[in-house]
Amino acid sequence: MADTTIKISEEVRDRLRLLAEERGLSTRALVERLAETTPTEAERTERTARGIAYLRAHLGVGLTDEDLSEGEAWRNAIAEGRVGRQR
């Protein structure tokens, strides 16, 4: 396995180290896990399409394109911290 050096700020390095320690991992293992388990945009799009197809085919849910757009906007608002409360 080849090693690679990635230049990041000290703040990010320290945060990665803290996140790794909280999980009982090395920083390397944390970054590897993140890269292995975080879906790409294409993977998320494909997963969403499969989910929508399943809902329509098996649960009789009549989601319109407008419903999907509203749901996506709501999800983005949550991810950006514009709705809901943060803990």
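Refer to the structure above for everything that follows.
This is a predicted model, so every value here is computed, not measured. (Residues numbered from 1 in each chain as written. Predicted model: local features only at pLDDT ≥ 70, side-chain atom pairs only at ≥ 80, totals over all residues. Heavy atoms only, no water.)

Caption draft 1: Structural context of the overall build of the chain. Scanning the chain for helices and strands turns up four helices and zero strands. A compact globule built from 87 residues would reach a C-alpha radius of gyration of about 12 Å, whereas the chain, at 19 Å, exceeds it by more than 25%. With respect to the principal axes defined by its C-alpha atoms, the chain has extents near 50 × 35 × 25 Å. Buried residues in the chain amount to 6% of all 87 residues. Of the roughly 7,800 Å² of accessible surface on the chain, a fraction of 53% belongs to carbon and sulfur atoms. Averaging the locations of the 15 positively and 17 negatively charged side chains of the chain gives two centres separated by 4 Å. (Helix = DSSP H or I, 4+ residues; strand = E, 2+ residues; numbered from the N terminus. Rg over C-alpha atoms; globule rule 2.2 N^0.38 Å. Buried < 20%, exposed > 50% of the residue type's maximum accessible area, 1.4 Å probe, protein only. Areas by Shrake-Rupley, 256 points an atom, 1.4 Å probe, with all protein chains shown as cover. Lys, Arg positive; Asp, Glu negative; His and termini not counted. Charge placed at Lys NZ, Arg CZ, Asp CG, Glu CD.)

Caption draft 2: Just the layout of surface pockets, in detail. Taken as a whole, the largest pocket holds about 520 Å³ of empty space. Lining the largest pocket are 16 residues, with Thr4, Ile6, Thr27, Arg28 and Val31 sitting closest to its centre. At the level of elements, α1 (10–22) and α2 (27–37) are the ones that each hand at least two residues to the lining of the largest pocket. The dominant element in the lining of the largest pocket, judged by the number of residues it contributes, is α2, at five residues. (1 Å grid on protein atoms, 1.4 Å probe; cavity = no way out; pocket = protein on both sides within 12 Å on 5 of 7 lines; lining within 4 Å. Points joined across faces, edges and corners; volume = space filled by probe spheres on them.)

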